[in-house]
Amino acid sequence: EKRVRDRLALLVPKDYQFNEYEKEIIDACNTAKHSHYHTDIEKEFILLMNLARINPVVLRSFITHRYDSSFWNQLPTIVLDPSRPVLKPSFGLHLSASVHAVKSGKRGTMGHQNINRRINTFNFYFKRGVYGENCHYSSSSHPLTHFLSLMKSKSHFKNIMNSEFNSVGVSFK
């Protein structure tokens, strides 16, 4: 019964009115809201990552009120770090992610093959520095499913919370 309830909570987000402070934080973290190349699902995934990076208390409220409090308990401890910027959407990184997702799906591969080539091909303005890639493979296209899975992985959690990262591209295929 609990498994069915959790699944329904993922499929049908609850309607909830956040307080003014929460709305302000959610709006500031919703950096992809005007990104025409991301789907609503991809935009919510970016919002979840940004809430984790900027304000774990509001993330908890968001997950609890939009979905179900049981999902919050699946996350590792998130420590507030004011040095983390919000992730801003990047069209080049989105293209990189999209190409990788399509090729991985067609080939049935998993991993980070040719990351440097993809980054260089689609991000000509990209300045060398710190960059990473988080891949999650699932038949589910729900942003919370992907977010929870990546946050439970130590290496992906480290990437998502890395204060040196400032841009993001997401593609669910």
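The present account deals with the structure reproduced in this document.

The rules behind the values
Residues numbered from 1 in each chain as written. Predicted model: local features only at pLDDT ≥ 70, side-chain atom pairs only at ≥ 80, totals over all residues. Heavy atoms only, no water. Axes fitted to C-alpha atoms, helices over the stretch in contact; angles between N-to-C directions. Helix = DSSP H or I, 4+ residues; strand = E, 2+ residues; numbered from the N terminus. Parallel < 35°, antiparallel > 145°, perpendicular 65-115°, else oblique. Contact = heavy atoms within 4.5 Å. Nonpolar A, V, L, I, M, F, W, Y, C, P; charged D, E, K, R; others polar. Phe/Tyr/Trp six-rings, centres within 6.5 Å; stacked < 30°, edge-to-face > 60°. Salt bridge = Lys/Arg side-chain N within 4 Å of Asp/Glu carboxyl O. Buried < 20%, exposed > 50% of the residue type's maximum accessible area, 1.4 Å probe, protein only.

Attention shifts here to the packing of helix 3 (residues 40–54) against helix 4 (residues 56–66). Axis separation between helix 3 and helix 4 bottoms out at 6 Å; the angle between their running directions is 140°. In terms of their interaxial angle, helix 3 and helix 4 are classed as oblique. For the pair formed by helix 3 and helix 4, the contact residues are Glu-44, Leu-47, Leu-48, Leu-51, Ala-52 and Ile-54 on the first element and Pro-56, Val-58, Leu-59, Phe-62, Ile-63 and Arg-66 on the second. The residue makeup of the contact of helix 3 with helix 4, split by class, is 10 nonpolar, no polar and two charged.

Next up on the list: the packing of aromatic side chains. Ring pairs (aromatic) are described by centroid distance and by the angle formed between their planes. Summed over the entire model, instances satisfying the criterion amount to two aromatic pairs. Between Tyr-37 and Phe-91 the ring centres are 4.9 Å apart and the planes differ by 65°, which places this aromatic pair in the edge-to-face class. Note that Tyr-37 is positioned in the loop between helix 2 (20–29) and helix 3 and Phe-91 in helix 6 (residues 91–107), a separation of 54 residues in sequence.

A few words now on the pattern of salt bridges. In this structure the tally under the stated criterion is three salt bridges. Across the salt bridge formed by Glu-20 and Lys-23, the nearest N and O atoms sit 3.6 Å from each other. You can see Glu-20 and its partner Lys-23 sitting in helix 2, three residues apart, about one turn around the helix. For Glu-20, a relative accessible area of 58% corresponds to the exposed category. Residue Glu-44 pairs with Arg-66 through a salt bridge whose shortest N-O separation is 2.9 Å. In this pair, Glu-44 is assigned in helix 3 and Arg-66 in helix 4, connecting sequence segments 22 residues apart.

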